[in-house]
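Listed below are the residues making up each chain.
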Amino acid sequence: MVVRVRFAPSPTGRLHLGSIRTALFNFVFAKNQKGVFILRIEDTDKERSKKEFVDDIIESLKWLKLDPDEGPIFQSERIEIYRKVIEELLDKGKAYRCFCSKEELETKRQMQITKGEPPRYDGTCSKLSKEEINEKLSKGTPYVIRLKVPEQIITFKDFLRGDIKYDLRLIGDFIIAKSETEPLFHLATPVDDYYQGITHIIRGAEHIPNTPKQILIFKAMNWKIPVYAHIPLILGEGGGKLSKRHGAKSVLEYREEGFLPEAIINFLILLGWHPKGDKEIISMKEIIEEFRLEDVEKRPAIFNVKKLLWLNKIYLRRLSSVEIENLILNDPYLEDLKIYLENENYTKEKIHKIIELGKERANNIREIFETVKFFYQDFDYNKELLIWKDYTFEQIKNSLIQVKNTLENIPEEKFNADYLKQVLDTLNEDKGLTYWPLRVALTGLEASPPPIDIMLIIGKEKTLKLIDKAIEKLS
RNA sequence: GGCCCCGUCGUCUAAGGGCUAGGACACCGCUCUUUCAAGGCGGAAAUACGGGUUCGACUCCCGUCGGGGCCA
């Protein structure tokens, strides 16, 4: 039998890392099993579902290369299917219309709470005769549709956790639809899972308590129950489910910040699963080969940004400057960085070198240019910054003058890394006296790439100008 | 509050009756170095607690505590 799994988000907000991880586990399992990965958009809540969030979901999956084999399938387009199921459930007496008003229900609920009973529907309308129902219908009394829930303990198997028991008496006859054409989550989901031939339901652990309700629909319709596997939640750094409220960023925000999809995938798969051995860096290809659903961790994992940063840095350093350039050129989310690639002061070759220098010091693509901004804009600094160790302004100034004179005498054809190093290294016993003020003069920063690399990019003329500026500051 | 899930370094995890409880991120130190980053070397750091079962428990069972989720 072919494995079929689905990722079924509601388009009610931007997709964050917690959700996309569910998609990733589904995707990886499907590919490992040579199965089918389906995208289903659960948009039955018309109030909260938005087109922009549907686009966000699709774009996020695309960026991370988690493309669905089927879908997107929209629940909002399948109302007719749910209607048929609801009618069948009503016909078979597995579900019934409930005409109780909100006020009635609330009073009953309060009474149950006072008595210390679990608040649940008491089943009044399940006892209505055909005549009573027809009468209420003809009067246009508003109603909802409830499922008849047997008074028993249900046991279902979770692929990761084993048997989970649930006392159905705590649920009561719950509402499965607001009307024949307005199905609720607990109806639409199992109906779709059945009709879309889903074999394995891999979803977040927050759905464990929902599972008995959905299984009841399967049972009422006499359908084969799929395998359920509830993967652990990702918790925010302060504890608590990862959510927008906890400051969880959306997938596409990470994209905007210049994170690499490979790093995000690598990071997320390691939250709850790990390959054999001590491997930390793993490609999608390897994940697909090695993934075993049964090896997935049960305990919730706390989201740790530092590790994501580390992984991203590793993937970033693997890219050549040309690859980084192409990423920027082809990603509309990084469009504003193009100005750095098209700067007329530098040749293509020099821009590649700038990227190379920035890349070593950056966590993500955007940071590359932050660390080498001095190549692109005028800068200023306090003259105190020029001071190396305990040297005086006078000594620093002399050092800079010495450097300047030396550089001035170097012919253009000898202005290369090896020669510059050879000459500058011998100027002072304490190399810091040469390089620190020079570096500050060239960058205005206390932390930057090495001065020789910078000089080769900006050229002799600009270098001398910047040194002059520093000398002037000290005069 | 009721029900459910989960408990190994700060974090992600490895070991599923016998190990000096391993790795990675982060942290600290040393090294390299003009600075930063990266690299190299080293360090500190965990089986929540209490009872069982067993010759032997991080591992199995029970309880407590703690964290999380769902419903209200």
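Residues numbered from 1 in each chain as written. Chains lettered and ligands numbered in written order. Predicted model: local features only at pLDDT ≥ 70, side-chain atom pairs only at ≥ 80, totals over all residues. Heavy atoms only, no water.

1. What to know about the pairing of strand β7 (residues 162-167)
In summary, the side chains of a regular strand alternate between the two faces of the sheet.
Turning to step 1, where the next piece is worked out: In this sheet, β7 lies alongside strand β6 (residues 153-158) in antiparallel orientation, the contact comprising six bridges. From the neighbouring strand, Phe-156 faces β7, where its bridge partner is Ile-164.
Turning to step 2, where the next piece is worked out: Counted along the chain from β6 to the antiparallel partner β7, the turn is three residues long. (Pairing = 2+ DSSP bridges. Helix = DSSP H or I, 4+ residues; strand = E, 2+ residues; numbered from the N terminus.)

2. A few points about the sheet that holds strand β4 (residues 95-98)
Turning to step 1, where the next piece is worked out: Read across the open sheet, the four strands follow the order β4-β5-β8-β9; overall the sheet is antiparallel. Because the sheet does not close on itself, it has two edges, and the strands there are β4 and β9 (182-183).
Turning to step 2, where the next piece is worked out: Note: β4 against strand β5 (residues 144-147), four bridges, orientation antiparallel. Of the residues in β5, the one forming a bridge with Cys-98 is Val-144.
Turning to step 3, where the next piece is worked out: The sheet contacts of helix α3 (residues 79-91) involve β4, β5, β8 (175-179) and β9, and relative to β4 the element is tilted by about 95°. (Contact = heavy atoms within 4.5 Å. Axes fitted to C-alpha atoms, helices over the stretch in contact; angles between N-to-C directions.)

3. Things to note about the packing of aromatic side chains
Turning to step 1, where the next piece is worked out: Enumeration according to the criterion identifies 17 aromatic pairs in this entry.
Turning to step 2, where the next piece is worked out: An angle of 75° between the planes, with centres 5.7 Å apart, marks the rings of Tyr-195 and Trp-223 as edge-to-face. One end of the pair, Tyr-195, is in helix α6 (residues 185-195); the other, Trp-223, is in the loop between α7 (211-220) and β11 (227-231), with 28 residues separating them in the sequence.
Turning to step 3, where the next piece is worked out: Using a relative accessible area of 45% as the deciding quantity, one classes Tyr-195 as partly exposed.
Turning to step 4, where the next piece is worked out: Exposure remark for Trp-223: the relative accessible area of 11% places this residue in the buried category.
Turning to step 5, where the next piece is worked out: Judged by centre distance (4.6 Å) and plane angle (35°), the ring pair of Phe-374 and Phe-375 falls under tilted.
Turning to step 6, where the next piece is worked out: Take Phe-374: its relative accessible area is 7%, and that puts it in the buried class.
Turning to step 7, where the next piece is worked out: Judged by its relative accessible area of 3%, Phe-375 falls in the buried class.
Turning to step 8, where the next piece is worked out: Here the aromatic cluster, defined as three or more aromatic residues joined through ring pairs, consists of Tyr-340, Tyr-346, Phe-369, Phe-374, Phe-375 and Tyr-376.
Turning to step 9, where the next piece is worked out: Note that Lys-473 overlies the ring of Tyr-381, its terminal NZ or CZ placed 4.7 Å from the centroid. (Phe/Tyr/Trp six-rings, centres within 6.5 Å; stacked < 30°, edge-to-face > 60°. Buried < 20%, exposed > 50% of the residue type's maximum accessible area, 1.4 Å probe, protein only. Lys NZ or Arg CZ within 6 Å of the ring centre and 35° of its normal.)

4. Here's the deal with the protein's contact with RNA strand B
Turning to step 1, where the next piece is worked out: If you check the shell around RNA strand B, you find 44 residues, and the closest are Arg-109, Arg-161, Gly-272, His-274 and Glu-360.
Turning to step 2, where the next piece is worked out: Sugar plus phosphate, as a fraction of atoms of RNA strand B within 4 Å of the protein: 78%.
Turning to step 3, where the next piece is worked out: Contacts to RNA strand B include Gly-272, whose backbone N or O atom sits 2.6 Å from a phosphate oxygen.
Turning to step 4, where the next piece is worked out: Here a base oxygen of RNA strand B and a side-chain polar atom of Arg-439 are 2.9 Å apart.
Turning to step 5, where the next piece is worked out: Going through the elements one at a time, β7, β13 (301-302), α11 (305-318) and α18 (431-443) are the ones with two or more residues in the surface near RNA strand B.
Turning to step 6, where the next piece is worked out: For the surface near RNA strand B, the residue count by class is 19 nonpolar, six polar and 19 charged. (Near = heavy atom within 4 Å. Polar contact = N/O pair within 3.5 Å; in protein donor to acceptor, adjacent residues only side chain to side chain. Nonpolar A, V, L, I, M, F, W, Y, C, P; charged D, E, K, R; others polar.)

5. Here we look at the pattern of salt bridges
Turning to step 1, where the next piece is worked out: Using the criterion set out here, one finds 37 salt bridges in the structure.
Turning to step 2, where the next piece is worked out: Lys-353 is the salt-bridge partner of Glu-349, the closest N and O atoms lying 3.9 Å from each other. Of this pair, Glu-349 and Lys-353 both sit in helix α14 (residues 348-359), separated by four residues, roughly a single helical turn.
Turning to step 3, where the next piece is worked out: Taking the relative accessible area as the measure of exposure, Glu-349 reaches 56% and is therefore exposed. (Salt bridge = Lys/Arg side-chain N within 4 Å of Asp/Glu carboxyl O.)

6. Comments concerning unusual backbone geometry
Turning to step 1, where the next piece is worked out: Here the phi dihedral of Lys-65 falls at roughly 60°; this positive angle occurs in a residue that is not glycine.
Turning to step 2, where the next piece is worked out: Mapping Lys-65 onto the fold places it in the loop between α2 (51-63) and β3 (70-74).
Turning to step 3, where the next piece is worked out: Of note in this structure, Lys-389 is not a glycine but carries a positive phi near 50°.
Turning to step 4, where the next piece is worked out: Note that Lys-389 resides in the loop between α15 (365-371) and α16 (393-408).

7. Focus on helix α12 (residues 321-330)
Turning to step 1, where the next piece is worked out: Three or more residues of α12 are buried, namely Ser-321, Ile-324, Glu-325 and Ile-328. For α12, the arc enclosing every buried residue in end-on projection is 100°, short of the 170-degree limit, so these residues lie on one face. (Arc of directions from axis to C-beta.)

8. Some points on the state of the cysteines
Turning to step 1, where the next piece is worked out: Considering all chains together, one arrives at zero disulfides under this definition.
Turning to step 2, where the next piece is worked out: Sulfur of Cys-98: no disulfide; nearest cysteine sulfur belongs to Cys-100 and is 3.8 Å away.
Turning to step 3, where the next piece is worked out: On the accessibility criterion, Cys-98 (1% relative accessible area) is buried.
Turning to step 4, where the next piece is worked out: For Cys-125, which is in no disulfide, the shortest distance to another cysteine sulfur is to Cys-100 and amounts to 3.6 Å. (Disulfide = S-S within 2.5 Å.)

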